[in-house]
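Tertiary structure, described
Chain by chain, the residues:
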Amino acid sequence: WQGGAGLAALLVFAIRLDEAGGILGIPFKLSGTWMIVGRSLVLGESNQSAVGFVYLLAAFLFAGGYVARPGRLFYAAGLVVVGLVAASLMVVPFLYAAVLLECMAIVAVLILSPPELAGFHAPMRMVVLYTLGMIALLIAGWQADVLGAGAAPADRVRAVTALAMLGFSLLLAVPPFHIWFPSSAGQSHPYALAFVILISQAGALFLVFRFVDAYAWLREDAELFAGVRWGAIAMAGFAALWAMAQRSLARTAAYVMLADTAVILLAFSSMTPSGYQLALGLSGARVISLSVWALGASVLRNAGAGDTPDELAGIGYHAPLATATVLVGLFSLAGFPLPAGFPGR
């Protein structure tokens, strides 16, 4: 599975699209445009790095799955999830990405709540929230297309902007739309939860970039970015306070992840190319941070350890390596000095 995802990433980065080539003397030409159910999937310079990143992320997480053992549906459903997120980065018109992310959320339920966890319905909250986000973004995109890419009336711009912000808040799990994070963390396998969070949030973040890049009046709206900035600060404070109040290791990690998303939005709100680059760099660092935490937490869970302070008392003596891995992952997510999450902070 990781070999297939890694090969897909290699092909995305290495193959020259729409140019004649050959392998072992056999000529071929790979097109960068595919038609599926009436929609175009276009792979080019503008999205090649993002698609390659998603497949590299999947290959990295699939490799760790052999140690974490997140469930029998993890690889099959995970490959479908990755394919849908990659398609969301290529689809034209780009607003149909919201529909593909909604399909991704439906398949992700099989990863968060496999058949062995019968009766666990918390991941369905993710589907409900993504459905509402899809509707909001499709309406906002329809109205934005009416306004066009240039100047537009201020009242119409505010309405479209508010609707788009609502849709992206739903996809990015901005409080109060974060409820599927902690509820799923309570029962889902830690590694399965990390996989779904990383893949889904990457797709949502890239969609934000594409939406903002498509409309000049949106990119130049200083009030919008000021609102994102203050919202990110409030989100970071909320997540930090609730993380300290948790009595569950997995729920603590979920809220720390929310705080990390807030930092990425804070970088994005700078309205500068360096801020966008920093947001992308932080997204890459969180892959390492969250996967390290999830791997250690999975080893502890598979060994029968609990999730509360009382159940984890003394676990460092019995499983020092797994315990250290959990702590390093959490410290990195929180931006503690030295781990991967610190340089971006």
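Located above this text is the structure these notes cover.
Okay, so let's go over this structure. (Residues numbered from 1 in each chain as written. Predicted model: local features only at pLDDT ≥ 70, side-chain atom pairs only at ≥ 80, totals over all residues. Heavy atoms only, no water.)

1. Describing the overall build of the protein
Definition in use: The secondary structure listing takes helices from DSSP runs of H or I that are at least 4 residues long and strands from runs of E that are at least 2 residues long, numbered from the N terminus. Each residue gets one of three labels from its accessible area relative to the maximum for its type: buried under 20%, exposed over 50%, partly exposed in between, using a 1.4 Å probe on protein chains only. It only takes one pair of heavy atoms within 4.5 Å for two residues to be counted as in contact. Note on areas: Shrake-Rupley, 1.4 Å probe, and residue coverage restricted to the protein chains presented here.
Counting secondary structure elements, the protein contains 15 helices and five strands. Counting only residues that meet the buried cut, the protein has 51% of its 345 residues in that class. Counting only contacts in the protein whose residues sit at least 6 apart along the sequence, the fraction spanning at least 24 positions is 72%. Carbon and sulfur atoms provide 69% of the accessible area of the protein, an area that totals close to 15,600 Å².

2. Details of the environment of L338
Mapped onto the secondary structure, L338 falls in the segment after α15 (320-333). Looking at L338, the relative accessible area reads 82%, which means it is exposed. Here the alpha-carbon distance between L338 and V328, two residues ten residues apart in the chain, equals 9.8 Å.

3. A short note on unusual backbone geometry
Residue P176 is reached from P175 by a cis peptide bond, and omega for that bond is 10°. Here P176 shows up in the loop between α6 (154-171) and α7 (180-185).

4. Structural notes on the pattern of salt bridges
The criterion, for reference: Within this document, salt bridges are pairs made up of a side-chain nitrogen of Lys or Arg and a carboxyl oxygen of Asp or Glu, the two lying within 4 Å of each other.
Summed over the entire model, instances satisfying the criterion amount to two salt bridges. Two residues, R286 and D260, come together in a salt bridge whose shortest N-O distance is 2.9 Å. With R286 in helix α12 (residues 273-302) and D260 in helix α11 (residues 249-268), this residue pair connects regions lying 26 residues apart in the sequence. In this structure, the salt-bridge partner of R345 is D260, at a minimum N-O distance of 3.2 Å. Taken together, the residues span a long stretch of sequence, with R345 in the segment after α15 and D260 in helix α11 at a distance of 85 residues. Because the salt bridges share partners, they merge into one network encompassing D260, R286 and R345.

5. Brief notes about the packing of aromatic side chains
Applicable threshold: Stacked, edge-to-face and tilted labels apply to pairs of Phe, Tyr and Trp rings (six-membered ring for Trp) whose centres lie within 6.5 Å, assigned for plane angles under 30 degrees, over 60, and everything in between, in that order.
Taken as a whole and assessed by the stated rule, the structure comprises 18 aromatic pairs. Measuring from centroid to centroid gives 5.4 Å for F209 and F268, while their planes differ by 20°, and the two rings are stacked. One end of the pair, F209, is in helix α8 (residues 190-214); the other, F268, is in helix α11, and 59 residues separate them in sequence. The structure contains a cluster of three or more aromatic residues connected by ring pairs, namely F62, Y66, F74, Y75, Y191 and F195.

6. Some details on the sheet that holds strand β5 (residues 91-92)
Condition: In this scheme, strands are said to pair when DSSP sees at least two bridges between them.
Reading across the sheet, the three strands line up as β3-β4-β5 and stay open at both edges, with antiparallel pairing between neighbours. Because the sheet does not close on itself, it has two edges, and the strands there are β3 (33-36) and β5. Direction of pairing for strand β4 (residues 39-42) relative to β5: antiparallel, over a ladder of two bridges. Looking at β5, one finds that L41 is bridged to V91.

7. Regarding the packing of helix α2 (residues 48-68) against α8
Selection criterion: As a rule, the C-alpha atoms of each element are fitted with a line to give its axis, helices using only the stretch in contact, and angles between N-to-C directions run from 0 to 180 degrees. Roughly parallel here means an angle under 35 degrees, roughly antiparallel means over 145, roughly perpendicular means 65 to 115, and every remaining angle is called oblique. The nonpolar class holds Ala, Val, Leu, Ile, Met, Phe, Trp, Tyr, Cys and Pro. Asp, Glu, Lys and Arg form the charged class, and all remaining residues, Gly among them, are polar.
Axis separation between α2 and α8 bottoms out at 10 Å; the angle between their running directions is 175°. When the interaxial angle is binned, α2 and α8 end up roughly antiparallel. Two secondary-structure elements touch here, α2 through A50, F53, V54, L57, F60, L61, F62, G64, G65 and A68 and α8 through Y191, F195, L198, I199, A202 and F206. Within the contact of α2 with α8, the residues separate by chemical class into 14 nonpolar, two polar and no charged.

8. Some points on the pairing of β4
Pairing between β3 and β4: four bridges, direction antiparallel. Residue pairing across strands places M35 opposite S40, the latter belonging to β4.

9. Re the environment of V263
Examined against the element boundaries, V263 turns out to sit in helix α11. Ignoring anything within four residues of it in the chain, the contact list for V263 reads L282 and R345.

10. Digging into α2
Note the cut-off: Here the expected length of a helix is defined as 1.5 Å per residue gap, with one fewer gap than residues.
For α2, spanning 21 residues, the distance from its first C-alpha to its last is 30 Å, which sits close to the expected 30 Å at 1.5 Å a residue. Once α2 ends, the next one or two residues include R69, with phi positive near 50°.

11. A short note on the nonpolar core
Quick note on the threshold: As used in this record, nonpolar core signifies buried Ala, Val, Leu, Ile, Met, Phe, Trp, Tyr and Cys residues forming a set joined through side-chain atoms within 4.5 Å.
If you look at the biggest cluster of nonpolar residues, it comprises 116 residues, and the most contacted ones within it are M104, M126, W180, F195 and W293. Counting residues per element, this core draws most heavily on α8, which supplies 18 residues. Excluding its chain neighbours within four sequence positions, the residues that come into contact with M104 are V81, L84, V85, M126, Y130 and S200.

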